[in-house]
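Each chain, written out:
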Amino acid sequence: MKKYVAEFLGTYALVFAGTGAIVIDQQTHGGVGHAGVAITFGLIVMSMIYTFGDISGAHLNPAVSIAFVIAKKFPVKELLQFVVVQILGAICASFTLKFLFPANELLGATLPAGSDMQSFVLEFILTFFLMLVILHVSSGSKEKGMFAGLAIGSVVGLEAMFAGPICGASMNPARSLAPALVSGHLEHLWIYVTATIAGAVLAVPVCKYLRAPYPELRS
């Protein structure tokens with residue numbers, strides 16, 4: 001149960017702080033700024049990994065949990081529970097923001113600035129590289145693990161910084177699902193569910209290939 005509570009709280013914090021930065025930026029007419037929003041997402045992810053990583057692994061993301069199952073780094077019997085509590089945490093965060101800012105229409109929902117295909121491809125690539133980093137830093141030496149939060153948070157912030165204005169840089173189905181449900185803007189939600197999961201899943205075989213031992217060189 002502690003693992004589920006940790007995932008709920010971590011995902012709540014992620015959506016509350018990240019989409020909250022977007023909402024407050026809109027309410028203050030640019031008081032936070034795009035860079036501020038991107039940094040907020042990166043910092044909250046990093047903070048939650050260091051806070052809950054040793055309890056639940058701090059997935060905070062259904063796409064990450066699914067990819068971990070495929071990579072055999074997480075038991076499939078716990079997948080449904082993790083996804084449910086992640087989504088519940090995200091939805092509760094969006095309802096909190098709705099209570100605080102009832103006039104805000106989108107509540108930080110991710111919407112394409114261009115075509116659906118453009119955002120789909122961007123989300124796919126962004127999540128692929130995020131998951132690739134997660135897989136590489138989540139196993140190995142203790143020293144590598146100590147820097148996992150910093151590495152993952154930095155990737156989230158970096159990708160949100162350059163891709164956010166076009167696709168929203170979700171990389172997380174729960175992060176997109178919650179504000180879409182609470183605000184009622186479901187029209188582009190399929191992009192942020194399918195592209196993020198597909199990108200995370202593809203990272204698994206690529207990571208296995210890159211980490212496979214090299215065959216001995218023969219003279």
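1. Describing the pattern of salt bridges
Once their charged atoms are close, side chains differing in charge can pair, the charge on each being opposite to the other.
Phase 1: Considering all chains together, one arrives at one salt bridge under this definition.
Phase 2: For Glu78, the salt bridge identified is with Lys3, shortest N-O distance 2.8 Å. Taken together, the residues span a long stretch of sequence, with Glu78 in the loop between α3 (62-70) and α4 (79-100) and Lys3 in helix α1 (residues 2-27) at a distance of 75 residues.

2. Structural notes on a nonpolar patch on the surface
Phase 1: A cluster of nonpolar side chains, contributed by Ile39, Leu43, Leu158, Met161 and Phe162, occupies part of the molecular surface with about 490 Å² of accessible area.
Phase 2: Of all elements in the fold, only α2 (33-56) and α7 (148-167) reach the threshold of two or more residues within the nonpolar patch.
Phase 3: The residue Leu43 is located in helix α2 in this model.

3. Regarding the nonpolar core
Nonpolar side chains in soluble globular proteins tend to be buried together.
Phase 1: Within the largest apolar cluster, 50 residues are counted, with the highest numbers of intra-cluster contacts made by Val45, Phe68, Leu130, Met131, Ile134, Leu135 and Ile152.
Phase 2: Every element with two or more residues in this core is listed here: α1, α2, α3, α4, α5 (116-137), α7 and α9 (189-211).
Phase 3: Residues within four places of Met131 in sequence aside, it is in contact with Val64, Ala67, Phe68, Ala200 and Ala203.
Phase 4: Counting residues in each nonpolar core, the second largest holds nine residues, with Ile91, Leu97, Leu107 and Ala178 among its members.

Rules used throughout
- Residues numbered from 1 in each chain as written.
- Predicted model: local features only at pLDDT ≥ 70, side-chain atom pairs only at ≥ 80, totals over all residues.
- Heavy atoms only, no water.
- Salt bridge = Lys/Arg side-chain N within 4 Å of Asp/Glu carboxyl O.
- Helix = DSSP H or I, 4+ residues; strand = E, 2+ residues; numbered from the N terminus.
- Patch = residues over 30% accessible without salt bridge, like charges linked within 9 Å, V, L, I, M, F, W, Y side chains within 5 Å.
- Areas by Shrake-Rupley, 256 points an atom, 1.4 Å probe, with all protein chains shown as cover.
- Core = buried A, V, L, I, M, F, W, Y, C linked by side-chain atoms within 4.5 Å.
- Buried < 20%, exposed > 50% of the residue type's maximum accessible area, 1.4 Å probe, protein only.
- Contact = heavy atoms within 4.5 Å.

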